[in-house]
Amino acid sequence: MLRLLQKAICSSKHQQIRINLRNSEVYTMHDAENYIKVSHAQTFPVYKSMLDEFENELSQMKGKCLDIGCGPGNHSRDLILPKLSPECSIVGVDISKNMIDYARKYCAKEKRMTFKVMDIETRDLKKEDIEAYDNGLSFFCLHWVQDVRCGFENIFKLLRPGGHFIALSVVDGSALFTYPKLAKYPRYKEYMKDYLKYITPIHYEENPRSSLKKICEEVGFGVVHMSMREIMLDFKDEAELMTLLLSINPFIDRMPESLRDEYTRDLLQEALKQESFYKKVEPRASQEQSLYDLYKCMVIHLKKPIS
Ligand SMILES: C[S@@+](CC[C@H](N)C(=O)[O-])C[C@H]1O[C@@H](n2cnc3c(N)ncnc32)[C@H](O)[C@@H]1O
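Keep in mind it's a predicted model, so treat the numbers as computed, not measured. (Residues numbered from 1 in each chain as written. Predicted model: local features only at pLDDT ≥ 70, side-chain atom pairs only at ≥ 80, totals over all residues. Heavy atoms only, no water.)

Hey, could you run me through the side chain of S247 in this one?
Within the secondary structure layout, S247 lies in helix α10 (residues 238–247). Of the residues examined, S247 reaches a relative accessible area of 0% and is grouped as buried. (Helix = DSSP H or I, 4+ residues; strand = E, 2+ residues; numbered from the N terminus. Buried < 20%, exposed > 50% of the residue type's maximum accessible area, 1.4 Å probe, protein only.)

Whenever I open this one, helix α9 (residues 208–219) confuses me. Can you help?
Counting along an α-helix, one turn takes 3.6 residues, and residues three or four places apart therefore face a common direction. Look at α9: 17 Å from first C-alpha to last across twelve residues, which is about the 16 Å you get at 1.5 Å a residue. Those residues of α9 that fall on the buried side of the exposure criterion are P208, S211, L212, I215, C216 and V219. Down the axis of α9, the smallest arc covering the buried residues is 130°, so these residues share one side. Phi for G220, located one or two positions after α9, is positive at around 125°. (Expected span 1.5 Å × (residues − 1). Arc of directions from axis to C-beta.)

It is not clear to me how the site of the ligand should be interpreted in this structure. Could you clarify?
With respect to spatial proximity, 18 residues lie near the ligand, and among them Y47, G69, H75, D94 and D119 are the closest. A distance of 2.8 Å separates a nitrogen atom of the ligand from a polar atom in the side chain of D119. Against a free-state accessible area of 600 Å², the protein chains account for coverage of 97% of the ligand. In the shell around the ligand, the residues fall into twelve nonpolar, four polar and two charged. (Near = heavy atom within 4 Å. Polar contact = N/O pair within 3.5 Å; in protein donor to acceptor, adjacent residues only side chain to side chain. Areas by Shrake-Rupley, 256 points an atom, 1.4 Å probe, with all protein chains shown as cover. Nonpolar A, V, L, I, M, F, W, Y, C, P; charged D, E, K, R; others polar.)

Teacher, can you tell me more about the packing of α10 against helix α11 (residues 257–273) here?
In a packed pair of helices, the relevant descriptors are the angle between the two axes and the axis-to-axis distance. With their axes 10 Å apart at the nearest point, α10 and α11 run at an angle of 105° to one another. Judged by the inter-axis angle, α10 sits roughly perpendicular to α11. Residue-level contacts link E238, L241, M242, L245 and L246 of α10 to T264, L267, L268, A271 and L272 of α11. For the contact of α10 with α11, the class distribution of residues is eight nonpolar, one polar and one charged. (Axes fitted to C-alpha atoms, helices over the stretch in contact; angles between N-to-C directions. Parallel < 35°, antiparallel > 145°, perpendicular 65-115°, else oblique. Contact = heavy atoms within 4.5 Å.)

Written out as structure tokens, the structure reads:
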């Protein structure tokens, strides 16, 4: 089953893309279709509670709202847009051209949405983007940013004075934190040398909230709210978990075919070994079991001062 699943994923037309970034080859999330298939069920409850919590702020947003790391655009269109005031439009940005191409097609009929490629960690923000956006949002993206200060400096520069920025970012979770384990396996070592690039430095901070708050304040933001939350992802079976793990895995496509089945199995096993994971057998249908995965996330609400 794993072989079939992995084959389906690797042969998807939305395969991995490579982007040259700061002279190094960086692999970004690439499998838009599989990500859409499994991420909605997982992230919907999280989106719903975030969008409810910030209902007032969102409904008052006018002008252009950035969605940073918008991915395939499904959540921007189906969940975020209906919560914004009708005078508000979304500009979805993502480092992955593949994701942006997908989002443009997915949202083609939506006149209030446009998309463009942007690396939020760039050292070379385009002039036309500076103070071009009234507000910003970001879900499940900022944990990919290695230079956290640079990322928040850019967000500060992109927003107009008085702009709000609301985000949810992962601090701890099995999908990413299997990487240090797998990178130690002699057979995967050479394909995972840069695994640290895919784990947020905030994860390693003793007090992630105060470290991030300090950075945001130093950048110039007013911190309206910042807190750590636990969220539970609920997978119906191992295949669903594996689809999500593979859709965001940057290493497997670097490996020879002969290693991929084994890597897929090890990835699943290492994920299931994480402390955050537990299985629950449903009482009424004893054949069925759910896999719960506990993630720690940061909820962030910042405001750029008026002057
Ligand atoms: C897990 S997806 C989340 C997509 C969408 N926001 C959602 O909630 O479904 C993370 C997205 O962040 C993008 N991303 C990663 N690093 C980025 C960066 N430096 N700048 C902009 N986007 C980035 C990835 O390409 C990917 O599409």
